[in-house]
Amino acid sequence: MRTSTPSGRSAHRIDVVSIFPSYFDGLALSLLGKARDSGILDLSVHDLRDWTHDRHRTVDDTPYGGGAGMVMKPEPWGLALDQLAAGGTRPTIIFPSPAGEVFTQATARDLATREHLVFGCGRYEGIDERVFEYARDLGEVRLISLGDYVLNGGEVAVMAMIEAIGRLIPGVVGNPESLVEESHEDGLLEYPSYTKPAVWREHEVPPILLSGNHGAIAAWRREQQLERTRIRRPDLLDD
Ligand code: SAM
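A brief structural summary. (Residues numbered from 1 in each chain as written. Predicted model: local features only at pLDDT ≥ 70, side-chain atom pairs only at ≥ 80, totals over all residues. Heavy atoms only, no water.)

Description of the side chain of serine 97
No. 1: Position of serine 97 among the secondary structure elements: in strand 5 (residues 92-102).
No. 2: With near-sequence residues (within four places) excluded, serine 97 lies in contact with Leu143, Ile144 and Ser145. (Helix = DSSP H or I, 4+ residues; strand = E, 2+ residues; numbered from the N terminus. Contact = heavy atoms within 4.5 Å.)

Okay, structure coming up:
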């Protein structure tokens, strides 16, 4: 069932499946909590163990072929995905994985346009590979990495993705102008920001920012963006 905002706009639905749902309690503290309260975001977090049927609520088992660690069993995932994709909405189903495509601002922009996202958080050595194959029958499947390192589970990666995606959903950030000038929006890093006082512990704000000359300020900021990007992230300029 889709929910609508007071303005009649259709809410973006996000479902998260995890064996540690309380990880996501923190989302209530941010702008996303407000978006949820106002109905812009229809965010639900589910415990994968609710789709188990044994006494121990088992979600993992030993890997076929041997090797260290445990693998997440396919059965609870299958039931979870069946339920969350019911109604034929064909959600975009995202499995965080260090072996996936790397998450970028472009990925966030793309996913912010989707009506229904389902995130499946892996743990242990990951999820039985057949779950990804099966999920393709229910929606578009994306394996997405937060970066080239290994986390213990998908929860932190999904929190980061939801925060990056959520703030691009219209209405979540009060002033949409503030999104336009941020790092990565135009392929460059953002210019430096300052606030009052003009001198703090003998460190001065660049005088151009106090000049009131908007053209000169815009040119200075652009220069700073290019310079920072050249020094800190030259790979972005190659792109
Ligand atoms: N054995 C897996 C491998 O080598 O690709 C790593 C499993 S990791 C210990 C457990 C879970 O953490 C993964 O299933 C995934 O959900 C999550 N995870 C770990 N690193 C991640 C990353 N860089 N980006 C996104 N998710 C990650």
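Once the structure has been displayed, the description carries forward.
Remarks on the site of the ligand
No. 1: Surrounding the ligand, one finds 18 residues, the nearest of these being Pro96, Glu125, Leu146, Tyr149 and Leu151.
No. 2: One nitrogen or oxygen atom from the main chain of serine 97 is found 3.3 Å from a nitrogen atom belonging to the ligand.
No. 3: Alone, the ligand offers 580 Å² of accessible surface; in the complex the protein occludes 81% of this.
No. 4: Looking at which element gives the most residues to the shell around the ligand, the answer is strand 5, with three residues.
No. 5: Of the residues contributing to the shell around the ligand, the split by class is nine nonpolar, eight polar and one charged. (Near = heavy atom within 4 Å. Polar contact = N/O pair within 3.5 Å; in protein donor to acceptor, adjacent residues only side chain to side chain. Areas by Shrake-Rupley, 256 points an atom, 1.4 Å probe, with all protein chains shown as cover. Nonpolar A, V, L, I, M, F, W, Y, C, P; charged D, E, K, R; others polar.)

Brief notes about the pairing of strand 1 (residues 12-18)
No. 1: Counting buried positions along strand 1 yields seven of seven residues, so the element is predominantly enclosed.
No. 2: Neither face of strand 1 is open: one carries His12, Ile14, Val16 and Ser18, the other Arg13, Asp15 and Val17, and all of them are buried.
No. 3: With seven bridges joining them, strand 1 and strand 2 (residues 41-47) adopt parallel strand pairing. Note on strand 2: the bridge partner recorded for valine 17 is histidine 46.
No. 4: Crossover strand 1 to strand 2 through helix 1 (residues 31-37) is right-handed. (Buried < 20%, exposed > 50% of the residue type's maximum accessible area, 1.4 Å probe, protein only. Pairing = 2+ DSSP bridges. Right-handed = clockwise from strand over helix to strand, strands pointing away.)

As for helix 2 (residues 74-84)
No. 1: Pro76, Trp77, Gly78, Ala80, Leu81 and Leu84 are the residues of helix 2 that are buried.
No. 2: In this fold, the buried residues of helix 2 make contact with strand 1, strand 2, strand 4 (71-72), strand 5, strand 6 (116-120) and helix 4 (130-135).

What to know about the pattern of salt bridges
When their charged atoms lie close together, side chains carrying opposite charge are able to pair.
No. 1: One pass over the structure, following the stated rule, counts 16 salt bridges.
No. 2: The residue glutamate 140 makes a salt bridge to arginine 114 at a minimum N-O spacing of 2.6 Å. You can see glutamate 140 sitting in strand 7 (residues 140-145) and its partner arginine 114 sitting in the loop between helix 3 (105-111) and strand 6, a full 26 residues away along the chain.
No. 3: For glutamate 140, a relative accessible area of 33% puts it in the partly exposed group.
No. 4: Linking arginine 142 and glutamate 140 is a salt bridge whose minimum nitrogen-to-oxygen distance equals 3.6 Å.
No. 5: You can call arginine 142 buried: its relative accessible area is 11%.
No. 6: When salt bridges that share partners are traced, they join Glu101, Asp110, Arg114, Glu140 and Arg142 into one network. (Salt bridge = Lys/Arg side-chain N within 4 Å of Asp/Glu carboxyl O.)

Concerning unusual backbone geometry
No. 1: Between lysine 196 and the following residue, proline 197, the backbone shows a cis peptide bond with an omega angle of 5°.
No. 2: With respect to the helices and strands, proline 197 occurs in the loop between helix 6 (177-180) and strand 8 (199-200).
No. 3: For arginine 57, which is not glycine, the phi dihedral falls at a positive 50°.
No. 4: Mapped onto the elements, arginine 57 comes out in the loop between strand 2 and strand 3 (60-61).
No. 5: Even without glycine at this site, arginine 90 takes up a positive phi of about 45°.
No. 6: If you trace the backbone, arginine 90 turns up in the loop between helix 2 and strand 5.

Observations regarding a nonpolar patch on the surface
No. 1: On the surface, Phe20, Tyr23, Tyr149, Leu151 and Val156 cluster together to form a nonpolar patch covering roughly 450 Å² of accessible area.
No. 2: Topologically, tyrosine 23 is positioned in the loop between strand 1 and helix 1. (Patch = residues over 30% accessible without salt bridge, like charges linked within 9 Å, V, L, I, M, F, W, Y side chains within 5 Å.)

Re the environment of alanine 80
No. 1: Assignment of secondary structure puts alanine 80 in helix 2.
No. 2: The class of alanine 80 is buried, set by a relative accessible area of 0%.
No. 3: Taking the C-alpha atoms as reference, alanine 80 lies 8.5 Å from aspartate 50; in sequence the two are 30 residues apart.
No. 4: Apart from residues no more than four positions distant in its own chain, alanine 80 is found in contact with Val17, Leu48 and Trp51.

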